[in-house]
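# An overview of the molecular structure
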Amino acid sequence: MISNKTKQYLTLIIKLVIVFGAFYFIYDKLAHDDKLSWKQFSDILQHKFTISWMLFMLCFSILNRFLEILKWKNLVLVIEKISLYTATKHVLAGVTAGLFTPNGIGEYAGKALYFPKSETKRVLFLNLICNGIQMVLSIIFGLIGLLYLGYTLYFFILLGFGFLVITFLFLTKNANIKGYSIALFLEKIAEIPKKIHRKNILLAIARYLTFSHQYYFLFLVFGVDVDYLTLMATITAVYFIASSLPSFQFLDFVVKGGVAIWFFDKLNIDEYIVLFISTFMWLFNVVLPVAIGSYFVLIYKTRETATKTPSH
């Protein structure tokens, strides 16, 4: 058996690895990306962004993460009622833990640590529901965007592929793999009260509209003259394609930036504008939450430690 003292040391080491690892990846990406000219970026900030515009953009980032926190608080009602502060702690610590794991997988473990081991499976399941609805919305809005932009062939290929995947899942829903099946997964979803599902969907839509419009307003700052529907359709297409690609959160702006450059080039928008906007979105929506989440990681205590009564 591992002693409590050893557990405390191991917990401390894990916390420090997560925090230092997160900031190292951020530093490495910002310091060594050849595509980024920080002098040019600084000049753009000075001439394009007033304090009021920066605060306006910051409000979008805060609202984006706040809506995610409300989603998590709502879903966790299935297990227990938690405060807004507790939900904030879970979400931001999870974002930090997921920074340098593929597709943010570490976020699942980061949130699960705040619950008893007996609830781990349910926490992972709820986090899948929480993230899954955002993916579904990205697909729906992305397909609509592709169709609006005239990428009809791509639209029908992706729609056909989606239909084949859904058909396959339906035909194999009863296939049992180590006690798990699609049918069981659907049953677990149905067990969640409809009221919670409805609120989750509404919050997810609000969150999608928030970060997509933050992207839109950033293009306005740079003086991009493209009509609203075309620009929004391109943004939804970029998010759909980028979110479908395997990636790490610390490379998020590289993946989205690369996809965005390809799409926005069709609108004759300069590459440097697209790259800087993607970088700005990454700084405000990933780096900033990670900086705050690092605090929650460092003060993290297991339930055993938190509830342990000090001896006299």
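Residues numbered from 1 in each chain as written. Predicted model: local features only at pLDDT ≥ 70, side-chain atom pairs only at ≥ 80, totals over all residues. Heavy atoms only, no water.

What follows covers the UniProt feature "transmembrane region" (unreviewed entry) in the protein. Look at the UniProt record and you will see "transmembrane region" (unreviewed entry) annotated at residues 9-27, 47-67, 123-147, 153-171, 215-242 and 272-298. In the segment residues 153-171, helix accounts for 100% and strand for 0%; the C-alpha atoms at its two ends are 27 Å apart. Spanning residues 272-298, this segment combines 100% helix with 0% strand, and its end C-alpha atoms are found 37 Å apart. (UniProt positions renumbered as here; feature names shortened; annotations may be inferred. Helix = DSSP H or I, 4+ residues; strand = E, 2+ residues; numbered from the N terminus.)

Further remarks concern the nonpolar core. One finds W72, Y215, F219, F264 and I269 to be the most contacted residues of the largest nonpolar core, which totals 69 residues. Those elements that place two or more of their residues in this core are α3 (51-75), α4 (84-97), α6 (120-149), α9 (194-221), α10 (228-244), α11 (252-265) and α12 (271-298). If one sorts the elements of this core by residue count, α12 sits on top with 14 residues. Excluding residues that lie within four positions of it along the chain, F219 makes contacts with V224, L231, F264, I269, I273, V274 and I277. (Core = buried A, V, L, I, M, F, W, Y, C linked by side-chain atoms within 4.5 Å. Buried < 20%, exposed > 50% of the residue type's maximum accessible area, 1.4 Å probe, protein only. Contact = heavy atoms within 4.5 Å.)

Turning our attention to the packing of aromatic side chains. How two aromatic rings sit relative to each other is set out by the distance from centre to centre and by the angle between their planes. Counted according to the given criterion, the structure contains 22 aromatic pairs. Pairing Y208 with F211 gives two aromatic rings, centres 5.2 Å apart and planes at 65°, and the pair type is edge-to-face. Note that Y208 and F211 are positioned in helix α9 at a spacing of three residues, about one turn of the helix. Judged by relative accessible area, which is 10%, F211 ranks as buried. Among the aromatic residues, ring-to-ring pairing joins F141, Y208, F211, Y215, F219, Y239 and F264 into one connected group. The side chain of K111 reaches across the aromatic face of W72, ending 4.1 Å from its centre. Sitting over the ring of W262, K266 keeps its end group 4.6 Å from the ring centre. (Phe/Tyr/Trp six-rings, centres within 6.5 Å; stacked < 30°, edge-to-face > 60°. Lys NZ or Arg CZ within 6 Å of the ring centre and 35° of its normal.)

With that out of the way, let us pick up the packing of α3 against α4. Taken N-terminus to C-terminus, the directions of α3 and α4 make an angle of 110°; their axes are 9 Å apart at the nearest point. Comparing their axes, α4 and α3 come out roughly perpendicular. Two packed elements cross with a definite hand, and for α3 against α4 that hand is right-handed. Contacts from R65, F66, E68, I69, L70, W72 and K73 in α3 reach L84, A87, T88, H90, V91, L92 and V95 in α4. Along the lines of polarity and charge, the residues of the contact of α3 with α4 split into nine nonpolar, two polar and three charged. (Axes fitted to C-alpha atoms, helices over the stretch in contact; angles between N-to-C directions. Parallel < 35°, antiparallel > 145°, perpendicular 65-115°, else oblique. Left-handed = near helix turned anticlockwise from the far one by under 90°. Nonpolar A, V, L, I, M, F, W, Y, C, P; charged D, E, K, R; others polar.)

On to unusual backbone geometry. Its identity as a non-glycine residue notwithstanding, N268 has a phi of 60°, on the positive side. Secondary-structure assignment places N268 in the loop between α11 and α12.

Side chains of K194, K195, R198 and K199 sit close together on the surface and give a patch of like positive charge. Of note, R198 is situated in helix α9. On the accessibility criterion, R198 (52% relative accessible area) is exposed. (Patch = residues over 30% accessible without salt bridge, like charges linked within 9 Å, V, L, I, M, F, W, Y side chains within 5 Å. Areas by Shrake-Rupley, 256 points an atom, 1.4 Å probe, with all protein chains shown as cover. Salt bridge = Lys/Arg side-chain N within 4 Å of Asp/Glu carboxyl O. Lys, Arg positive; Asp, Glu negative; His and termini not counted. Charge placed at Lys NZ, Arg CZ, Asp CG, Glu CD.)

Moving on: the side chain of K71. Inspection of the secondary structure puts K71 in helix α3. A polar contact is formed between the side chain of K71 and the side chain of Q134, at a distance of 3.0 Å. Beyond its immediate stretch of four places on either side in the chain, K71 contacts C130, I133, Q134, N200, L203 and A204. (Polar contact = N/O pair within 3.5 Å; in protein donor to acceptor, adjacent residues only side chain to side chain.)

Now for the packing of α3 against α12. A packed helix pair is summarised by two numbers, namely the angle formed by the two axes and the spacing between the axes. Contact geometry for α3 and α12: axes closest at 10 Å, N-to-C directions at 50°. Between α3 and α12, the interaxial angle falls into the category oblique. The element α3 and its partner α12 pack so that their crossing is right-handed. For the pair α3 and α12, the contacting residues are M54, M57, L58, S61, N64 and R65 in the first and F280, F284, N285, L288 and P289 in the second. By residue class, the composition of the contact of α3 with α12 is seven nonpolar, three polar and one charged.

This part covers the side chain of S138. The residue S138 is located in helix α6 in this model. With residues near it in sequence (within four places) discarded, S138 still touches Y208, T236, F240 and S243.

Counting across every chain of the model gives four salt bridges. Residue E68 pairs with K71 through a salt bridge whose shortest N-O separation is 3.3 Å. Of this pair, E68 and K71 both sit in helix α3, three residues apart, which is roughly one turn of that helix. According to the relative accessible area criterion, E68 is buried, its value standing at 3%. A salt bridge links E107 to K111; the nearest nitrogen and oxygen atoms lie 3.1 Å apart. Of the two residues, E107 and K111 both sit in helix α5 (residues 106-112), four residues apart, roughly one turn of that helix. Of the residues examined, E107 reaches a relative accessible area of 10% and is grouped as buried.

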